[in-house]
Number of protein chains: 2
Amino acid sequence: MMARPKPLSGFPEFLPAGRIVEQRALDILRETFELHGFGNIETRAVETMETLTRKGEITKEVYVVRRLHADPDERAGANDDLGLHFDLTVPFARYVLENAGHLAFPFRRYQIQKVWRGERPQEGRYREFLQADIDIVGQDTLASHFDVEAPLVMLQALERMHVELGLPEARMHVNNRKLAEGFYRGLGITETLEVLQRVDKFDKIGGEAVAELLVDELGLSAEVAAKCVALAGICTPDDSFVEQVRALGVEHEMLDEGLEALRAVVNAANKRVPGRIVADMKIARGLDYYTGTVYETELVGHEKLGSISSGGRYDSLASDGKVTFPGVGISLGVTRLLGPMITKGRITANRSVPSAVLVAVDAEETREVAEDVAAALRSRGICCEVAPKADKFGKQIKHADRRGIPFVWFGGMHGQVKDIRSGDQADADARSWTPPAEDLRPSVTTGD
Amino acid sequence: MMARPKPLSGFPEFLPAGRIVEQRALDILRETFELHGFGNIETRAVETMETLTRKGEITKEVYVVRRLHADPDERAGANDDLGLHFDLTVPFARYVLENAGHLAFPFRRYQIQKVWRGERPQEGRYREFLQADIDIVGQDTLASHFDVEAPLVMLQALERMHVELGLPEARMHVNNRKLAEGFYRGLGITETLEVLQRVDKFDKIGGEAVAELLVDELGLSAEVAAKCVALAGICTPDDSFVEQVRALGVEHEMLDEGLEALRAVVNAANKRVPGRIVADMKIARGLDYYTGTVYETELVGHEKLGSISSGGRYDSLASDGKVTFPGVGISLGVTRLLGPMITKGRITANRSVPSAVLVAVDAEETREVAEDVAAALRSRGICCEVAPKADKFGKQIKHADRRGIPFVWFGGMHGQVKDIRSGDQADADARSWTPPAEDLRPSVTTGD
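As the structure is a prediction and not an experimental result, all values here were calculated from the model. (Residues numbered from 1 in each chain as written. Chains lettered and ligands numbered in written order. Predicted model: local features only at pLDDT ≥ 70, side-chain atom pairs only at ≥ 80, totals over all residues. Heavy atoms only, no water.)

1. Section: the sheet that holds strand β3 (residues 63–67) of chain A
Move 1: As summarised here, the arrangement of the 6 strands in space is β2(A)-β4(A)-β3(A)-β3(B)-β4(B)-β2(B), forming an open sheet in which the pairing is antiparallel. A strand with exactly one partner marks an edge of an open sheet, and here the two such strands are β2 (46–48) of chain A together with β2 (46–48) of chain B. Averaged over all neighbouring strand pairs, the angle between strand axes comes to 40°, with direction disregarded.
Move 2: Relative to strand β3 (residues 63–67) of chain B, β3 of chain A runs antiparallel, the two sharing 5 bridges. Bridged to Arg67 of chain A within β3 of chain B is Tyr63 of chain B. (Pairing = 2+ DSSP bridges. Helix = DSSP H or I, 4+ residues; strand = E, 2+ residues; numbered from the N terminus. Axes fitted to C-alpha atoms, helices over the stretch in contact; angles between N-to-C directions.)

Below, the structure is given as structure tokens:
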């Protein structure tokens with residue numbers, strides 16, 4: 001016996017209809033990733049603290065995991081402690097190193113798992129959430145065309161979720177670190193990372209304030225700072241950004257490389273998923289370890305959610321000292337994308353159960369007849385359940401109605417089936433009758 | 001940079017081909033459960049320690065979870081601490097209580113998630129493993145026919161895994177607590193639970209030793225003890241157990257009830273999944289809180305694995321003091337079932353990637369032609385990938401071969417497709433060509 005428990009802040013859980021929406025989104029992700037040749041892996045939920053804290057900065061958000069009654073000798077060193085993974089990139093890098101001898105490179109994988117962050121509890125911050133990552137990892141080298149492919153795969157998945165689930169349109173903002181770095185170098189700047197970190201504040205503080213920071217903190221001339229800000233202000237839905245950058249009159253080999261790489265991404269995206277990408281020169285992804293293309297994605301009309309899908313190219317996902325594994329990847333925050341809309345009921349399923357049919361029971365003595373009908377329907381892929389009790393038919397119909405089950409079956413194998421929405425009832429044979437395709441599975445619906 | 005990491009004992013991870021096997025098994029489970037009208041839920045990985053330790057006994061196997069830099073006020077009481085769930089029943093009971101007002105009862109749910117147990121590391125013990133549970137939960141009451149349905153659904157899933165994935169046959173042993181308890185009461189025994197706990201050792205120590213325990217420890221007469229042991233020795237693949245029990249000459253109303261309930265399960269199972277069930281009077285599931293039917297399942301030829309799927313009826317899954325929620329459920333140890341066979345390579349996939357086709361690239365300048373071919377194939381549900389590099393064709397074929405990809409596409413939309421297993425090559429149009437159905441997805445294969 002326990003009192004009614006309360007939800008734990010930051011650990012979202014859905015009711016069955018909400019979970020149907022999430023499952024449908026996960027099916028779309030899996031299908032899209034597999035159509036593009038990505039294989040699935042799952043990694044354990046825990047990593048050693050040594051692995052988790054290698055990058056240093058994120059240490060305080062880790063959840064530490066310990067056996068309640070650990071033996072003293074198990075507590076020997078802090079590095080033996082385990083923590084829950086806070087993303088899927090760190091575990092994947094470890095997995096690649098651990099299994100490199102058994103993997104075929106370039107290795108394309110997708111991974112859809114929960115991650116945990118020990119955030120301070122506050123509105124909209126999740127402590128447990130679902131991520132979906134794709135990465136392509138090479139051994140020593142990785143061709144640049146993968147920078148084009150990775151965001152396209154994610155955009156196609158997001159487009160299907162827009163069309164099939166009614167999620168808002170995605171808009172992916174793409175840039176290339178080489179473009180910015182080449183541009184800065186062409187201007188004679190050597191502290192390119194420092195410039196990038198300040199340009200990263202463009203959206204928050206505006207171009208003028210960024211220019212001031214560049215002058216005050218980095219000692220750039222007003223003219224050079226203005227050029228940096230002008231670059232950051234370029235944002236085009238097609239490859240016209242190339243001309244606009246050229247018009248700023250800066251020359252550098254690395255800039256050329258970056259421009260061409262970004263042009264390839266934008267043109268390919270506009271061919272495969274028109275209207276969903278912008279080349280955006282102010283995207284920097286500040287402190288992250290990207291070295292080429294970088295991506296951020298917002299939902300049109302829901303920009304306040306922040307980036308729901310980000311990633312980029314990193315020259316060294318992992319290295320064992322002898323071999324380096326460069327990669328390009330993009331991560332989707334599934335819970336960030338779906339959580340608020342499911343929780344607020346703005347996206348839901350038209351029924352809370354998979355069943356398309358409730359098989360009514362005449363009397364408890366003939367329950368087996370109903371079970372035979374159900375078995376015949378199931379053998380042809382029709383989800384159904386048998387009424388829990390031989391109640392009056394009106395009560396059995398109510399049972400179906402309450403769950404959104406569209407059809408009720410009466411009688412035996414040669415019986416009658418009633419569409420409880422229209423009230424239509426007709427003779428039917430359980431060995432051949434099939435509900436309309438749109439009723440076979442629950443549908444995802446949107447609305448307020 | 002990091003040295004090559006070593007696996008963590010008890011936290012199994014699969015290579016991509018192994019994960020394909022696991023995914024296929026999970027697809028079968030999901031399909032089977034949904035065909036029977038079970039809806040999916042996921043609960044958070046953590047529960048409060050208060051929830052986890054309510055049953056008391058399992059406390060020491062819990063993994064405690066704490067923020068690395070938790071604020072002092074967060075540490076106020078041990079009951080606010082969180083632990084990873086060690087099964088899916090405790091979280092489900094909490095979920096039912098928390099959401100009772102939003103659920104329709106009887107509520108049928110399945111749940112497939114990782115669970116964690118802080119076991120001492122040793123061979124064959126998992127610290128993280130996947131479980132698949134189905135439960136049907138009522139409000140105040142739950143009809144007895146659900147005791148028949150729950151094990152049947154799991155048996156059907158296991159049978160599909162046997163037929164489609166080559167897993168060993170399952171054999172489910174079923175008993176009913178009322179049958180044993182009624183029998184003991186009919187013999188005038190009042191300490192029925194104590195008898196049950198000793199009978200539970202039948203498999204380990206044998207009937208004679210059990211009889212001795214009953215006489216020595218519980219003071220039963222040799223004759224009564226012999227009857228208890230005779231009951232435990234009854235094990236039939238059909239409902240002939242009823243006669244055998246009757247022949248022992250014990251009468252009790254509860255015994256009758258138990259016999260009929262068990263007969264219903266065995267007959268229904270033999271009708272839907274012939275030859276996979278036995279009525280086994282020595283199944284007791286010792287200390288667990290079951291009150292009616294109980295199930296245990298072994299794999300034929302792999303009995304040493306222990307029970308891979310167990311469950312039963314409990315009169316009170318949860319209670320908030322006013323309302324009681326009786327349930328019946330069965331849990332499958334997915335990792336226990338698949339882990340050893342996948343790890344030893346006795347069951348694997350015929351390719352390590354989803355791709356059925358590798359689209360070859362003539363030259364980097366014409367990569368887009370290959371991308372067009374791939375897009376045309378994908379639009380018809382054919383998984384494919386484009387060659388990573390415009391290498392010599394022999395090298396591109398090798399790339400496919402290494403991953404088990406059966407087909408390589410050459411040329412543009414009107415191109416040629418080669419089956420690299422037979423060497424056959426033929427003209428093909430990317431808008432209409434389809435691989436044979438058996439090559440569309442990776443196949444699961446068994447063998448040594």
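2. Some thoughts on the UniProt feature "binding site: L-histidine" (unreviewed entry) in chain A
Residue and element names in this part refer to chain A.
Move 1: Here the UniProt feature "binding site: L-histidine" (unreviewed entry) sits at Asp87, Leu88, Thr89, Arg117, Gln131, Asp135, Arg285, Tyr289 and Tyr290.
Move 2: On the secondary structure map, Leu88 appears in the loop between β4 (82–84) and α3 (89–99).
Move 3: By relative accessible area, Leu88 is classed as buried at 0%.
Move 4: In this view, Leu88 contacts Arg109, Gln111, Gln113, Val115, Gln131 and Asp133; residues no more than four positions away in its chain are not counted.
Move 5: Mapped onto the secondary structure, Tyr290 falls in the loop between β9 (277–280) and β10 (293–299).
Move 6: Judged by relative accessible area, which is 13%, Tyr290 ranks as buried. (UniProt positions renumbered as here; feature names shortened; annotations may be inferred. Buried < 20%, exposed > 50% of the residue type's maximum accessible area, 1.4 Å probe, protein only. Contact = heavy atoms within 4.5 Å.)

3. Re the interface of chain B and chain A
Move 1: Contacts between chain B and chain A engage 99 residues on the former and 99 residues on the latter.
Move 2: Applying the counting rule to chain B against chain A returns 14 salt bridges.
Move 3: In the side of chain B that touches chain A, the residues fall into 42 nonpolar, 20 polar and 37 charged. (Salt bridge = Lys/Arg side-chain N within 4 Å of Asp/Glu carboxyl O. Nonpolar A, V, L, I, M, F, W, Y, C, P; charged D, E, K, R; others polar.)

4. Side note on the sheet that holds strand β5 (residues 107–116) of chain A
Residues and elements named next belong to chain A.
Move 1: Sheet architecture is open: 9 strands sit in the order β1-β5-β6-β12-β11-β10-β7-β9-β8, paired in mixed fashion. Strand pairing shows two members of the sheet lacking a second neighbour, β1 (39–40) and β8 (235–236), which therefore form its edges.
Move 2: Here 10 bridges tie β5 to strand β6 (residues 128–137), and the two strands are oriented antiparallel to one another. The residue bridging Gln113 from the neighbouring strand is Gln131, located in β6.
Move 3: In the packing of helix α12 (residues 334–343) onto the sheet, contacts are made with β6, β10 and β12 (324–333), and the angle to β12 comes to roughly 0°.

5. Description of the side chain of Thr335 of chain B
Move 1: In this fold, Thr335 of chain B is placed in helix α12 (residues 334–343).
Move 2: Here the side chain of Thr335 of chain B touches Leu130 of chain B through a polar contact of 2.7 Å, landing on its backbone nitrogen. (Polar contact = N/O pair within 3.5 Å; in protein donor to acceptor, adjacent residues only side chain to side chain.)

6. Observations regarding helix α5 (residues 177–186) of chain B
Residues and elements named next belong to chain B.
Move 1: Within the span of α5, buried status applies to Arg177, Leu179, Ala180, Gly182, Phe183 and Tyr184.
Move 2: Buried residues in α5 make contact with β7 (170–176), α6 (192–199), α9 (222–232), α10 (241–246), α11 (253–272) and β10 (293–299).
Move 3: Residue Asn176 occupies the N-cap position of α5, its side-chain oxygen lying 2.8 Å from the main-chain nitrogen of Lys178.
Move 4: Positive phi shows up at Gly188, right after α5, with a value of about 85°.

7. Things to note about the relation of the copies chain B and chain A
Move 1: Once chain B is rotated about the relating axis by 180° and shifted along it by 0.0 Å, it coincides with chain A to within an RMSD of 0.0 Å. With respect to symmetry, the two chain copies, as superposed, fit the operation of a two-fold axis. Distance from the rotation axis, computed per C-alpha, reaches its smallest value in chain B at Val65 of chain B: 2.4 Å.
Move 2: Most of the interface of chain B is mirrored in chain A: 100% of its interface residues are interface residues there too. (Least-squares fit on C-alpha atoms with pLDDT ≥ 70 in both.)

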